Amino acid sequence: MRRLHLRIMTVLCLLLPAWASAQQSSGFFKVTHVAGNVHMLEAPDTDGNIGVFSGPDGVLLIDDRYDRDTENLLAAVRSVSDAEIRFVVNTHVHPDHIGGNNNLAAYGVTILAHDDVRLRMLTELRIPRRGGITFPQPPAAALPVITYSDAISFHLNGEEVRVFIAPPAHTDGDSFVHFRGSDVLHLGDVFRTNMYPIIDVYNGGSFLGMIEAMELAIEIAGPDTQVIPGHGSGVSDREGMQEVLTMMYDIRDRVANLVAQGLPLEDVMAAAPTAHLDARWGQVPSWTAADVIPIVYEELRALQNSVPANP
Ligand SMILES: [Zn+2]
């Protein structure tokens, strides 16, 4: 930890003028107090929002963005706490959520994730954006040293932090994090407030699982629960989750109706079943209706084919 403190002092010295003048900004990351012991770090692109749980017992991070962001991440954490950074939980395997692992591990931080996240880190990662993108296998130092199959709890800073596996949704290794005392949820990329849901079908994701996972999160949340999305600007809440769920029900029902008519995918695309939703949810160029509809279509069609016809 001595190395970590030395490094942080260097970072703080470099950033001090900007840091001192704006308490809620560490420079790169926008720092927002969510509730209780939890802060959210938001990068300018609002991808890979980080949760910071801090108090006298130490700091627990939820996700750590990219390798290149670690110095900024440390500076942002230091703007809210000078306690030791002890743990990082990866909500899932994507590079914008695990990229800082090796840097943090070098500082002695313990990395945790679901079993499947570690398994998928033992090889190169392929994701279904724009016909398939690959990312190199992460270095050995980035691997989680503690994994769980179902759930794990932290008992720190006077409250329980419950980390548990969600139904297969964005991937098959999505963890939800529930800060029970602070009444905050971090849902990783199962919850995006700025775009259609990304279903990583190369890594076990499921659109219907996404719906199930969001129903579960809404069931857990109370009226005052604050929710950190994996992507999207600002903290959300139960109403924000309900808005996303309503959008997903709408897509499911419209595409299911077209599937039930036996239409091929090209006719379903031509019918533009999400035309009324695209202005709100389909504006991120790398993941639009053209990406999400085929995934929903294939999943619903496979489901239809697996149900035996009435005798
Ligand atoms: Zn992701």
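What counts, and where the lines are drawn
In this numbering scheme, every chain counts its residues from 1 along its sequence in written order. Where totals are concerned, whole chains, interfaces and linings use all residues; where local detail is concerned, this predicted model gives features only for residues with pLDDT of at least 70, and gives and counts side-chain atom pairs only at 80 or more. No hydrogens and no water enter the side-chain calculation; it runs on all heavy atoms of the structure. What counts as an axis is a line fitted to C-alpha atoms, over the stretch in contact for a helix, and the angles between N-to-C directions run from 0 to 180 degrees. Elements are defined by DSSP. Helices are runs of H or I of four residues or more, strands are runs of E of two residues or more, and each kind is numbered from the N terminus. Working definition: roughly parallel below 35 degrees, roughly antiparallel above 145 degrees, roughly perpendicular at 65 to 115 degrees, and oblique for all remaining angles. Helix crossings are classified by the rotation of the near helix relative to the far one: an anticlockwise turn of less than a right angle makes the crossing left-handed, while a clockwise turn makes it right-handed. In this description, contact between two residues means that some pair of their heavy atoms is separated by no more than 4.5 Å. By the convention adopted, Pro, Cys, Tyr, Trp, Phe, Met, Ile, Leu, Val and Ala count as nonpolar, Lys, Arg, Asp and Glu as charged, and the other residues, Gly among them, as polar. In this scheme Phe, Tyr and Trp rings, the latter by its six-membered ring, pair at centre separations within 6.5 Å, and the angle between planes marks the pair as stacked below 30 degrees, edge-to-face above 60, and tilted otherwise. Exposed residues in this analysis have more than 50% of their type's maximum accessible area, buried residues have under 20%, and partly exposed residues fall in between, with area computed by a 1.4 Å probe over protein chains only. Values of pLDDT, which run from 0 to 100, indicate the predictor's confidence residue by residue. Donor criterion used throughout: N, O or S atom within 2.8 Å of the metal, extended to 3.2 Å for Na, K and Ca. Water excluded; incomplete-looking sites may result. Geometry is assigned from the angles between donors: four donors with all angles from 85 to 135 degrees make a tetrahedral site, four or six donors whose opposite pairs exceed 155 degrees while the rest stay between 65 and 115 make square planar or octahedral sites respectively, and everything else is labelled irregular. Two strands qualify as a pair provided that DSSP identifies no fewer than 2 bridges between them.

Enquirer: What is the right way to look at the packing of helix α7 (residues 238-260) against helix α10 (residues 289-306) in this model?
Expert: The relative placement of two packed helices is expressed as an angle between their axes plus a distance between the axes. At a minimum axis separation of 9 Å, α7 and α10 run at an interaxial angle of 55°. What the angle tells us is that α7 and α10 run oblique. Between α7 and α10 lies a crossing whose hand is right-handed. Residues I251, R252, V255, A256, V259 and A260 of α7 lie in contact with α10, whose contacting residues are I293, V296, Y297, L300, R301 and Q304. Split by residue class, the contact of α7 with α10 holds 9 nonpolar, 1 polar and 2 charged.

Enquirer: What is the right way to read the packing of aromatic side chains from this model?
Expert: Ring pairs (aromatic) are described by centroid distance and by the angle formed between their planes. Following the criterion strictly, the structure yields 4 aromatic pairs and no others. Geometrically, the ring pair formed by F28 and F29 is edge-to-face, given 4.9 Å between the ring centres and 85° between the ring planes. Note on F28: relative accessible area 26%, which makes it partly exposed. Residue F29 is classed as buried on the basis of its relative accessible area of 0%.

Enquirer: Explanation requested: the confidence of the model for the chain in the structure shown.
Expert: Keep in mind that low pLDDT regions are not for reading the predicted coordinates in detail. Here the chain shows a mean pLDDT of 91. Residues at 70 or above account for 90%. Within the model, the stretch residues 8-23 combines pLDDT values under 50 with 12 contacts to residues more than four positions away or in other chains.

Enquirer: Explain the coordination of the zinc ion to me, please; I cannot follow it from the model alone.
Expert: Four donors placed tetrahedrally around a metal ideally meet at 109.5 degrees, and six donors placed octahedrally ideally meet at 90 or 180 degrees. In this structure, H92 (NE2), H94 (ND1), H170 (NE2) and D189 (OD) serve as the protein donors to the zinc ion, at separations of 2.1 to 2.3 Å. Considering all 4 donor atoms around the zinc ion, the spread of angles at the metal, 81 to 173°, places the coordination shape in the irregular class. Written as a sequence motif, the donor arrangement for the zinc ion is H-x1-H-x75-H-x18-D. Here D189 lies in the loop between β13 (184-186) and α6 (207-220) and H94 lies in the loop between β5 (85-89) and α3 (95-98), a separation of 95 residues in the sequence. Accessibility assignment for this pair places H94 and D189 in one class, buried.

Enquirer: Please clarify how the sheet that holds strand β2 (residues 38-42) should be interpreted in this entry.
Expert: Hydrogen bonds along the backbone pair up the strands of a sheet, which may run parallel or antiparallel. One open sheet accounts for 7 strands, arranged β1-β2-β3-β4-β5-β6-β9; its pairing is mixed. Across the chains shown, the open sheet's two edge strands, defined by having one partner strand only, are β1 (30-35) and β9 (146-148). Direction aside, neighbouring strands of the sheet carry axes that sit 25° apart on average. Two strands pair when backbone bridges link them, and strand β6 (residues 110-114) and β9 are joined in this way by 3 bridges, in the parallel orientation. When the bridges of β9 are listed, L112 appears paired with I146.

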